[in-house]
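One letter stands for each residue in the lines below.
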Amino acid sequence: MNAFVLLALLAGLLVAPAPSPGATAREWRLRVDGEAQAIRFADLDGDLDLDACIAVVKRTGPAPERSLQLFLRSEQGYPELPDAVIPVSDQVFWADLADLAEPAESDGSGAARLLLLDPHGLNAVDCTSGRPGLSDWADWADRAKPVVQVESFFRGMRSDRLLFADIARDLDLDGRLDLLLPGREGYVFYRGRPDGGFQPGQLLESAREHGIRKNQSVFFSATSRLPRPTPVDWEGDGVGDLLLAYDRKLTRIRLAAGESPGPAEELLDLARLLDPSGAAGDGLGQTTGRILDIDGRPGCELLLTQRVARPNLMAGVATRTMLYHLEDLDRSGASKPRQVIRTDGVTSPPRLFDLDLDGALDLIVTTVRTDLMTRLRESLLSTAQVTIFVYRFERDERRFGAEPIFSESLAMPADRLLDVGAYGWVTFQADYDGDGRPDFASYDAEQGRLRVRRGTARSSWFRDVPIAYEDDSLFEIEVLLNGPFFGQDLDGDGRAEIISCAGDLALIVELP
């Protein structure tokens, strides 16, 4: 037996056999009374299984009825109907799931609690008692325990939405959950204590010209004037930072563990960064940005995406994706990007995942080509052609590759692209076969087929391809997804399930 045959046999032992296309998948259909808007998973009853919590809105009368509907996982999987329906008033802004049980109260199960934020503060609901008799939750307010109280500048009003938000996060990088809540004069930071409680709130203020004013009423359905803080480690020094964008200026508040939050420090003038001449004016409104660690080295990078309208409508729109390293950023904002990637058409905000598992994040861009004739045609069709580009981050050059290492065009529901974007119908980061590498899944809306292609490190014996997907399907099943999907490992076997949530149900598909 020669060495090549021996190597091939050894490789065959190491690679798990792929299920044949068309294999049967196991499905759970979680039906709700109303419209499912979002789904989160957490261990709510303390049995170590991930339970489902679905935010639901029911429009039957003059005011929408909002609720959180719980589906508790058992040995048989998820039930078809909810174990509990928790009414949520229009005073509740956001919901979250987190384990906030104090050590003196915890039974060691580590069960998560429902967090509900209203104009008076944050309340936690314990779901560990009463299983399986969880059907009557009209008295949830009697079971809720106040966590912190804060006078919010929001004023509740009837809303047709109920959303999850990351209320409880480790913001100062000390290993404990902290809280960041909107207050009357700005965000209020509550640092987590070792005993599970929280220190008194500290107001995080930043100089601004058009921010909120004292006693100003901002309704829940309106867009908040408060910027959404971004928790990062800006300099890579192990100290948590909160980045806020006020009046097109990027500011930073340091949250060193055990210390009071530092004063706001201006980092960048975003308007000058995008247009040093100042001629663009309000063009900044067409720009989105991400600040995170892309290259795997200490410190953050800035990735900006800017749509550029061309004078000729027939030419459509172009998009520039600009990469800045920390050392490229001048405080005045007059900085040149390390790299500019230009694509024709309208793109969804870029996504970043470590697809080749080298410690750096790779770039995914989706593009819908739009000129005047294309827009007219797409308005008459149920699907639109979306092209997906993947750019590998080159660690030696500290930039993305000049050309995409992977691209593919897919037909996607045209009427949903504006709602959830192209990313609602593809996934790159989930591992569906349990081999430790991300796979590529896409949904064909016209044929109702879900296709999963295995991510692989090699396309042949002699050529390394850091990001590649096998041509043959790992899974290919017929399934009707009435909404966008994502992948998450719900049973701990290392293989992700498909989760889709829309309409009156959430669909969970366990691939064969």
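Here, the structure is the one placed above.
Think of each chain on its own: its residues are numbered from 1, step by step along the sequence as written. Reporting of local features is limited, given that this is a predicted model, to residues whose pLDDT is at least 70; pairs of side-chain atoms are given and counted only at 80 or more, and all residues count toward the totals for whole chains, interfaces and linings. The basis for the side-chain values is all heavy atoms of the structure; hydrogens and waters are excluded.

(A) Looking closely at the overall build of the chain. Put simply, DSSP H or I for four residues or longer makes a helix, DSSP E for two residues or longer makes a strand, and each gets a number counted from the N terminus. When helices and strands are tallied, the chain shows five helices and 40 strands. For the exposure calls, accessible area comes from a 1.4 Å probe over protein chains only, and a residue counts as buried if that area is under 20% of its type's maximum, exposed if over 50%, partly exposed in between. Burial analysis of the chain (512 residues in total) assigns 48% to the buried set. A fraction of 53% describes how many contacts in the chain between residues 6 or more apart in sequence connect residues 24 or more apart. Calculation of accessible area relied on Shrake-Rupley with a 1.4 Å probe; when residues are assessed, cover is drawn exclusively from the protein chains displayed. Summing over all exposed atoms, the chain offers an accessible surface of approximately 24500 Å²; the carbon and sulfur share of this is 50%. By the convention used here, residues are in contact when the closest approach between their heavy atoms is within 4.5 Å.

(B) Region of interest: the pairing of strand β37 (residues 475-478). Here β37 shows one buried face, formed by F475 and I477, and one open face, formed by E476 and E478. Criterion used throughout: strands pair if DSSP finds at least two bridges between them. Note that strand β34 (residues 449-453) and β37 share four bridges and pair antiparallel. Paired with L450 across the strands is I477, a residue of β37.

(C) Molecular detail of the packing of aromatic side chains. Pairing of aromatic side chains here covers Phe, Tyr and the six-membered ring of Trp, requires ring centres within 6.5 Å, and sorts the geometry by plane angle: under 30 degrees stacked, over 60 edge-to-face, intermediate tilted. Enumeration over the complete set of coordinates arrives at 10 aromatic pairs. An angle of 65 degrees between the planes, with centres 4.9 Å apart, marks the rings of F406 and Y469 as edge-to-face. Here F406 is found in strand β31 (residues 406-413), whereas its partner Y469 is found in strand β36 (residues 464-469), with 63 residues between them in sequence. Taken together, the ring pairs connect F406, F428, F440 and Y469 into an aromatic cluster. Here, a charge over a ring means that NZ of Lys or CZ of Arg falls within 6 Å of the ring centre while also lying within 35 degrees of the ring normal. The lysine or arginine in question, R73, covers the ring of W28, its NZ or CZ lying 5.4 Å from the ring centre.

(D) How the structure looks around the sheet that holds strand β33 (residues 440-444). The sheet built from four strands is open, its strands ordered β32-β33-β34-β37 with antiparallel pairing. Looking at the sheet topology across the chains shown, the edges are occupied by β32 (426-427) and β37.

(E) Structural detail: the environment of P231. Here P231 is to be found in strand β17 (residues 230-232). P231 gets classed as partly exposed once you look at its relative accessible area, which sits at 32%. Spatially, the C-alpha atom of P231 lies 9.9 Å from that of R254, the residues being 23 residues apart in sequence. Excluding residues within four positions of it along the chain, P231 makes contact with R169, L171, D241 and L242.

(F) Spotlight on the pattern of salt bridges. One speaks of a salt bridge when a side-chain nitrogen belonging to Lys or Arg is within 4 Å of a carboxyl oxygen belonging to Asp or Glu. Applying the stated rule across the entire model yields 29 salt bridges. Connected via shared salt-bridge partners are E235, D237, D241, R252, R254 and E265.

(G) Looking closely at the environment of D472. With respect to the element layout, D472 can be found in the loop between β36 and β37. Under the relative-accessibility criterion, D472 is labelled exposed at 63%. Beyond its immediate stretch of four places on either side in the chain, D472 contacts R451 and R453.

(H) Layout of the side chain of Q69. Looking at the element boundaries, Q69 is found in strand β4 (residues 65-71). The class of Q69 is buried, set by a relative accessible area of 2%. Polar contacts, as used here, are pairs of N or O atoms within 3.5 Å; protein pairs need one atom able to donate a hydrogen and one able to accept it. Residues neighboring in sequence count only if both atoms are side-chain atoms. A polar side-chain atom of Q69 sits 3.2 Å from a polar atom in the side chain of S67.

(I) Summary view of the sheet that holds strand β13 (residues 178-183). The strand order β12-β13-β14-β15 describes an open sheet built from four strands, whose pairing is antiparallel. The open sheet has two edge strands, β12 (168-169) and β15 (202-204), and neither has a second partner. For β13 and strand β14 (residues 186-190), the ladder comprises five bridges, and the chain directions are antiparallel. Opposite L181, over in β14, you have V188 as the bridge partner.

(J) Summary view of the nonpolar core. Judged by nonpolar contacts, the single largest core of 38 residues is most densely connected at M412, F428, Y432, L450 and L511. Taken together, the elements giving at least two residues each to this core come down to β27 (362-368), β28 (383-391), β31, β33, β34, β36, β37 and β40 (505-510). The biggest single contributor to this core is β28, with four residues. Non-local contacts of L450, meaning those with residues more than four positions away in its chain, are made with S442, Y443, F475, E476, I477, V479, L481, F485, I498 and L511. We call a set of buried residues a nonpolar core when its members are Ala, Val, Leu, Ile, Met, Phe, Trp, Tyr or Cys and they connect through side-chain atoms within 4.5 Å of each other. A42, A95, A112 and L116 belong to the second largest nonpolar core, which has 22 residues in total.

(K) Main features of the environment of M412. Topologically, M412 is positioned in strand β31. By relative accessible area, M412 is classed as buried at 0%. Expressed as a C-alpha distance, the spacing of M412 and Y423, which sit 11 residues apart in the sequence, is 10.0 Å.

(L) Summary view of unusual backbone geometry. Positive phi outside glycine occurs at L173, with the angle close to 60 degrees. Of note, L173 is situated in the loop between β12 and β13. The residue R398 is not glycine, and still its phi comes out positive at about 60 degrees. Counting through the fold element by element, R398 comes out in the loop between β29 (393-394) and β30 (399-400).

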